[in-house]
Amino acid sequence: MRFRCDSALFLATALLASSVSCRTPDESAGQWPDGAWARHTIDDSSLGADGVRLADINGDGRLDITSPWEQGGQVRVYLHPGPDGLRERWPAVTVGEVGDPEDAVFVDLDADGNMDVVSSCEGDTRSIFVHWGPADREKLLEPDAWITEELPAASGAAKWMFALPAQVDGKHGTDLIAGAKGEGAQIGWFEAPPDPRNLAAWEFHALYDAGWIMTIRQQDVDLDGDSDIVATDRTGERRGALWLENPGQNSAVSSRWNEHRIGSVGDYEAMHNAIADLDADGLEDLLVAVKREPIRYHRRTQRQPPSWETHLIDTPAGAAGGKAVKVADVNLDGQADLIVSCEHATDGKIGVYWLDHGGSPTKSQWMPTSISGPEGFIYDLLQMTDLDGDGDLDVLTLEEKGPYLAEGYQGRELGVIWYENPAR
């Protein structure tokens with residue numbers, strides 16, 4: 001286990017490692033355990049960090065990061081520096097400058113063996129861009145070695161929020177599933193042509209009329225051998241969680257996919273989601289963070305036909321409203337925990353925390369432990385990975401204040417950060 005030098009923090013961290021599974025909140029004081037996770041800054045050089053996605057892009061066996069900076073208009077890549085540089089700012093490169101980037105994801109779009117980055121842009125930009133990576137991996141940190149091009153089929157069509165590399169039709173290269181928000185918003189997929197570098201030849205196929213898509217994932221929900229789409233829609237009359245049934249490669253292009261709902265429709269603001277077997281019954285469940293409301297735990301109850309029952313997991317007193325959720329064994333007790341990030345964490349509220357169900361995942365009140373403490377305002381996507389290689393899962397996330405700082409909000413944007421799990 002590694003500790004920071006502060007003696008009080010040392011003590012709190014040691015207590016967490018030895019007794020976190022048996023502590024209970026002091027309900028009379030409205031307090032809950034402080035996990036005292038050390039925070040490390042990867043990058044805080046711009047404004048509006050808005051998503052973290054992972055891949056090993058230089059072949060060194062370590063996960064690298066891409067993140068967009070919405071207000072800064074930059075798409076950046078961070079190379080894992082190895083154990084000696086983890087707690088300092090990571091080597092970084094701006095792979096492209098675009099307007100209003102909301103999402104960025106690694107994908108080898110042209111199948112040349114080297115990772116590219118695809119960025120999705122909202123605001124006035126309303127487009128998707130490909131940032132072609134250099135063939136020479138020694139030049140990954142050279143901005144001029146990256147080439148940015150717009151995807152014509154996405155240009156001006158919608159405020160694009162999220163993209164997922166996927167193989168949909170079984171031919172040519174990797175396709176892109178994407179979701180948007182606002183006027184003209186869809187979930188759909190961009191069909192790769194024989195030459196993926198010919199961006200003018202990519203075609204878009206609409207699948208679902210959306211309000212505000214937060215997260216898109218692939219899962220074989222109906223267990224028929226192909227990957228369906230699981231998504232959360234944040235606004236509109238049909239907001240909530242849904243899955244779109246893949247009709248098979250032969251029909252994927254010719255028709256819209258059948259829409260199925262998971263849980264109730266239209267009565268809550270669904271944020272980011274996570275797929276995991278939370279109760280260890282062999283069936284993958286769906287967890288949905290909800291704005292200003294309890295987390296929706298959609299527990300899958302049977303394989304065929306796919307069905308779920310919904311349980312509510314309360315937001316603990318002192319925490320802000322949920323933005324994203326992840327499932328992982330935080331304290332190495334063999335049980336799945338929930339890691340939650342929040343937005344608008346004002347008035348001393350906690351922005352990142354984790355929850356322990358204590359053996360009963362369907363109950364409404366779980367044991368919370370702070371990760372971030374009260375510092376931070378808007379957190380977003382979470383990634384759980386063992387960054388420091390010590391055998392426990394650390395939290396990789398970001399904190400943004402970009403639009404609020406522009407309006408005179410007082411505070412410092414934390415940017416792309418990671419929290420070091422003290423379990424080991």
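Residues numbered from 1 in each chain as written. Predicted model: local features only at pLDDT ≥ 70, side-chain atom pairs only at ≥ 80, totals over all residues. Heavy atoms only, no water.

### Examining the nonpolar core
Basically, it comes down to this: In plain words, nonpolar cores are sets of buried Ala, Val, Leu, Ile, Met, Phe, Trp, Tyr and Cys residues tied together by side-chain atoms within 4.5 Å. Think of it in three bands: with a 1.4 Å probe and only protein chains considered, a residue is buried below 20% of the maximum accessible area for its type, exposed above 50%, and partly exposed in between. Each helix is a run of H or I in the DSSP string that is no shorter than four residues. Each strand is a run of E no shorter than two, and both are numbered from the N terminus.
In this structure, Val 118, Ile 177, Phe 190 and Ile 216 are the most contacted members of the largest nonpolar core, which totals 39 residues. No other element matches the 5 residues that strand 10 (residues 159–166) contributes to this core. Counting 22 residues, the second-largest nonpolar core is a separate cluster that includes Leu 278, Ala 289, Ala 319 and Ala 336.

### Concerning the sheet that holds strand 11 (residues 175–181)
Filter applied, for reference: Should DSSP find at least two bridges between two strands, the strands are regarded as paired. Structural elements are reduced to axes, namely lines fitted to C-alpha atoms, with helices fitted over the stretch in contact, and the angle between N-to-C directions of any two is expressed from 0 to 180 degrees.
If you trace the 4 strands from one edge of the open sheet to the other, you get 10-11-12-13, paired in antiparallel fashion. This sheet does not close on itself; its edge strands, each paired only once, are strand 10 and strand 13 (203–209). Across the sheet, the mean angle separating the axes of adjacent strands is 25 degrees when strand polarity is ignored. Judged from the 7 bridges that link them, strand 10 and strand 11 form a sheet pairing that is antiparallel. The partner of Leu 164 across the bridge, within strand 11, is Ile 177.

### Here we look at unusual backbone geometry
Backbone torsion omega between Gln 304 and Pro 305 reads -15 degrees, so that peptide bond is classified as cis. In this fold, Pro 305 is placed in the loop between strand 20 (295–302) and strand 21 (307–313). In this structure, Ala 111 is a non-glycine residue whose phi angle is positive, near 55 degrees. Relative to the helices and strands, Ala 111 resides in the loop between strand 6 (101–107) and strand 7 (116–121). Even without a glycine there, the phi angle at His 344 is positive, about 55 degrees. Using a relative accessible area of 32% as the deciding quantity, one classes His 344 as partly exposed.

### Focus on the packing of aromatic side chains
What counts, and what does not: Classification of ring pairs uses Phe, Tyr and Trp, with its six-membered ring standing for Trp, and accepts pairs whose centres are within 6.5 Å; under 30 degrees between planes counts as stacked, over 60 as edge-to-face, and the remaining range as tilted. Sitting over a ring, as applied to charges here, requires NZ of Lys or CZ of Arg to be within 6 Å of the ring centre and within 35 degrees of the ring normal.
Under the counting rule described, the total for this entry stands at 3 aromatic pairs. Measuring from ring centre to ring centre gives 5.7 Å for Trp 160 and Phe 204, while their planes differ by 75 degrees; the resulting arrangement is edge-to-face. Taken together, the positions of Trp 160 in strand 10 and Phe 204 in strand 13 put the pair 44 residues apart, joining distant regions of the chain. Classification of Trp 160 by relative accessible area gives buried; the value is 2%. Three or more aromatic residues link up through ring pairs in this structure, and these residues are Trp 160, Phe 190 and Phe 204. Directly above the aromatic system of Trp 212 lies the positively charged group of Lys 181, at a separation of 4.1 Å from the ring centroid. Directly above the ring of Trp 132 sits Arg 197, whose terminal nitrogen or CZ lies 4.1 Å from the centroid.

### Structural notes on the pattern of salt bridges
Test applied: Just to be clear on terms, a salt bridge is a Lys or Arg side-chain nitrogen sitting within 4 Å of an Asp or Glu carboxyl oxygen.
Taken as a whole, this structure holds 23 salt bridges when the rule is applied. Salt-bridge contacts for Lys 171 lead to Glu 191; the nearest nitrogen and oxygen are separated by 3.7 Å. A residue pair is termed long-range when its members are at least 10 positions apart, and Lys 171 in the loop between strand 10 and strand 11 and Glu 191 in strand 12 (residues 186–191) qualify at 20 residues. When its relative accessible area of 38% is taken as the criterion, Lys 171 is described as partly exposed. A salt bridge links Lys 401 to Glu 399, with the nearest nitrogen and oxygen atoms 2.9 Å apart.

### Some details on the sheet that holds strand 4 (residues 74–78)
Strands sit in the order 2-3-4-5 across an open sheet of 4 strands; the sheet is antiparallel. Edge positions in the open sheet fall to strand 2 (53–55) and strand 5 (92–97), since each of these has one partner strand only. Shown here is a sheet whose adjacent strand axes are inclined to one another by a mean of 25 degrees, direction ignored. Sheet topology places strand 3 (residues 64–69) next to strand 4; 5 bridges connect them, and they run antiparallel. The partner of Pro 68 across the bridge, within strand 4, is Val 75.

### Here we look at the pairing of strand 22 (residues 321–328)
Counting buried residues along strand 22, 6 of its 8 residues qualify, which places the element largely inside the surrounding structure. In this structure, strand 22 lies alongside strand 23 (residues 337–343), joined through 7 bridges in antiparallel fashion. Bridge pairing links Ala 324 to Ser 341 in strand 23.

### Concerning the environment of Gly 59
Tracing the sequence through the fold places Gly 59 in the loop between strand 2 and strand 3. For the pair Gly 59 and Arg 137, spaced 78 residues apart in sequence, the C-alpha to C-alpha distance is 9.0 Å.

### Quick word on the side chain of Lys 291
Here is the rule: Polar contact criterion, stated in full: a pair of N or O atoms within 3.5 Å, where within protein one must be able to donate a hydrogen and the other to accept it, and residues adjacent in sequence count only if both atoms are side-chain atoms. Between two residues, a contact is recorded if the distance between any of their heavy atoms is within 4.5 Å.
Residue position: Lys 291 is located in the loop between strand 19 (285–290) and strand 20. Its relative accessible area of 14% is what places Lys 291 among the buried residues. At 2.4 Å, the side chain of Lys 291 forms a polar contact with the side chain of Glu 343. If sequence neighbours within four positions are ignored, Lys 291 has contacts with Arg 234, Glu 269, Met 271, Gly 322, Glu 343 and His 344.

### Topic: the side chain of Asp 64
We count it as follows: Positive charges come from Lys and Arg alone, negative charges from Asp and Glu alone, with His and the N- and C-terminal ends not counted.
As for its position among the elements, Asp 64 is in strand 3. An unpaired buried charge is present at Asp 64: no salt bridge exists, and Arg 62, the closest side chain of opposite charge, is 7.9 Å distant. Of the polar contacts made by the side chain of Asp 64, one reaches the backbone nitrogen of His 80; its length is 2.8 Å. Ignoring any residue separated from it by four or fewer positions in sequence, one finds Asp 64 in contact with Arg 53, Leu 54, Ala 55, Asp 56, Ile 57, Asn 58, Tyr 78, Leu 79, His 80 and Phe 106.

### Re a negative patch on the surface
To keep it simple, the criterion reads: Each patch is built from salt-bridge-free residues with over 30% relative accessible area, joining like charges within 9 Å and nonpolar side chains (Val, Leu, Ile, Met, Phe, Trp, Tyr) within 5 Å. With residues, only the protein chains shown are counted as cover, and all accessible areas are computed by Shrake-Rupley using a 1.4 Å probe. To locate a charge, take NZ of a lysine, CZ of an arginine, CG of an aspartate or CD of a glutamate.
Together, Asp 136, Glu 138, Glu 142 and Asp 144 line one region of the surface with negative charge. By secondary structure assignment, the location of Glu 142 is in the loop between strand 8 (127–132) and strand 9 (147–150). Judged by its relative accessible area of 40%, Glu 142 is partly exposed.

### Some remarks on the environment of Thr 397
Mapped onto the elements, Thr 397 comes out in strand 28 (residues 394–400). Put simply, Thr 397 and Ala 49 are 348 residues apart on the chain and 9.5 Å apart in space, counted from C-alpha to C-alpha. From its side chain, Thr 397 meets the backbone oxygen of Leu 381 in a polar contact 2.9 Å long.

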